[in-house]
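Residue-level listing of the chains:
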Amino acid sequence: MGPLVPDIIGNELNFVVALFIGIAFGFILEQAGFSTSKKLVGLFYGYDFTVLRVFFTAGVTAMIGVVAMGHFGLLDVNLIYVNPTFLHSALLGGFIMGLGFVIGGYCPGTSFVGAAIGKIDGWIFIAGSFIGVLIFAEAYPLLEGVYKAGFWGYPRLFETLGISQSLFAFLLVFVAVGAFWATTLIENKVNGKPNPQFSPVRIYLGLTGIALLIGLSAFILPDRQEAFHNTVSDPAFVQNYPLKEMSPDELAFRLMDNDKNLRIIDVRSPAEFEKFKLPKSLSLTTKNLFEKDFAKLLNLNGKINVFVADDELTAKQAAVIADKLGYVDIRLLTGGLQQFRKDILNFTKPDTALNRREADTFRFRERAKNQIPILIEQNKETGTIKKTSKRVIGGC
Amino acid sequence: MNPTKYMNPYLAGFFLGLLLLLTIYITGRGLGASGAVKSALVAGVETVTPGHAGSATFYKEYLTEHDNAPLKNWLVFEVIGVLIGAFLSGLVSNRLNLTLEHSPKIKPRTRVIGALLGGLLFGLGAQLGRGCTSGAALSGMGVMSTGGIFTMLAIFGGAYAFAYFFRKMWI
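What you see is a predicted model; the values in this text were computed from it and never measured.

1. Overview of the sheet that holds strand β3 (residues 245-246) of chain A
All names here are of chain A. Here five strands make up an open sheet; going across it, the order is β3-β7-β6-β4-β5 and the pairing parallel. Of all strands in the sheet, those with a lone pairing partner are β3 and β5 (281-283), marking the two edges. Across three bridges, strand β4 (residues 262-266) lies against β5 in parallel orientation. Counted as the bridge partner of I264 is S281 from β5. Each of β6 (304-308) and β7 (330-333) is contacted by helix α17 (residues 312-324), which is oriented at about 175° to β7, the strand it contacts most.

Okay, structure coming up:
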């Protein structure tokens, strides 16, 4: 599951990746014509909308890709960098950049592209941007107020607008296609003749078609999490699902034996977990099962993961999801914590045992009844795990 | 030899989008450009006047965030790649030549001043807006960041608002 940095690709190797991504980035921008300021400012005067076409197509492609990969569980969207929203500086900074765009004819990325193929104005633009950053750095005490004002957190636009992600992505695709169509009309009018390269109906209809199909599939199909939740919402299905179980006696024995391979996955609410928890237990929600952090944790070899909740069914629902997600060594506590309390913690020895074996069990339970509360008391402070992976730091 | 035609913009955009998606998938972050200028500037200031870099808030914060190695930054490596990639593209498409490109209606000096001033404003604005057309607008759109999309709208809105006053430089 993405992002691959830092687990699969280390931070040092990431710099090599950066170099190659940069090479591809520079190559594509140059091939698109972003090395000439005349082409870059064309959209502001209506004679060349290349920038809008490239930019919007790229944005929409990446956006649909992110939605689709998140949807099908290939990318943990909670970990990717989302630019923060500082309302005032976003708008003011953007406005200043717009002014710089029409005066300078480049933006920072494209000025590097122009400079690389010998555009002197590209080099001068880069020099200018150094001065601009220097001014910002020196005037930072004055600008800090507006720089940090209007902080909204890290929202994504569909959240700000209060609509679903799929609907937003869908709308943006339509806006993009509409903009392509309208700007081609403007461009033909300004130039007095149509440019055959700029009306490649086949290509963009094809790409839009694919995009719409993916978008539509994300729109109609429930996402991976939802699909799993739907599967386990049928109690009969869950009850008949074959899973290995662990009896309260075995669990008690392993706890008293301080079994290093035992791990209890407690799927009750965190509040209930805080009130009462067994040693070696972790508090998890079914949502956590889909996160990269917990995937790492649950995949540790050799551990037996015993799912518990008050009742068996709730625990089994989570355990079924974990099993379907491909986690191994999953067990279910027979009868849930209710049974565990009845058999062990609140055990009352019946007057008669039917046979020797039962008498042994009773003796064991008596012992466990005394020991386990001590273990619980000793382990009060452990069990809540903190998230280790953080959002990637990005941005300019 | 004549330069090769530019790539179809939709196809180029599609490739650029796939590249951005790949970047997000591998690294969890987007593309960028202006951040490299910032890194290089901080490194430069630190070399020239270490005392100043150690005391002024901006540099101090940046150096702390980057373990005192401002050039060991993802965007610096990425921008070095951009220079190489664009050069290679110019090479294969016969577009390598040293020129100062400007509209025939303006003097080269006007273009020089324009490029310098434009770069200055873009550099300043990109710091304020936490990213430029690549880091804030394009990458922001890819992840649907509210801030990124606002910055994008402000960049293009601002450019359209001011375009009329600088039309003589281009048309």
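Having seen the structure, we can now continue with the description.
2. Section: the interface of chain B and chain A
Listed as interface residues are 111 residues of chain B and, on the opposing side, 119 residues of chain A. Elements that contribute at least two residues to the side of chain B that touches chain A include exactly α1 (9-27), α2 (34-48), α4 (57-65), α5 (74-92), α6 (108-128), α7 (133-142) and α8 (146-163) of chain B. With 18 residues, the top contributor of residues to the side of chain B that touches chain A is α1 of chain B. Split by residue class, the side of chain B that touches chain A holds 65 nonpolar, 38 polar and eight charged.

3. A word on the environment of T57 of chain B
By the secondary structure assignment, T57 of chain B is in helix α4. Judged by C-beta crowding, with 11 C-beta atoms within 10 Å, T57 of chain B ranks as exposed. Remark: the alpha-carbon pair of T57 of chain B and L20 of chain B, spanning 37 residues in sequence, is separated by 33 Å. The residues contacting T57 of chain B, other than those within four sequence positions of it, are Y140 and P141 of chain A.

4. Brief notes about the packing of α2 of chain B against α4 of chain B
Residue and element names in this part refer to chain B. Closest axis-to-axis distance for the α2/α4 pair is 11 Å, and the angle between their directions is 110°. Overall, the two elements α2 and α4 adopt an arrangement that is roughly perpendicular. Only Y59, Y62 and L63 of α4 make contact with α2, whose side of the interface consists of V42, V45 and E46. Within the contact of α2 with α4, the residues separate by chemical class into five nonpolar, no polar and one charged.

Parameters at a glance
Residues numbered from 1 in each chain as written. Chains lettered and ligands numbered in written order. Predicted model: local features only at pLDDT ≥ 70, side-chain atom pairs only at ≥ 80, totals over all residues. Pairing = 2+ DSSP bridges. Helix = DSSP H or I, 4+ residues; strand = E, 2+ residues; numbered from the N terminus. Contact = placed C-beta atoms within 7 Å. Axes fitted to C-alpha atoms, helices over the stretch in contact; angles between N-to-C directions. Nonpolar A, V, L, I, M, F, W, Y, C, P; charged D, E, K, R; others polar. Buried ≥ 20, exposed ≤ 12 C-beta atoms within 10 Å, placed from the backbone. Parallel < 35°, antiparallel > 145°, perpendicular 65-115°, else oblique.

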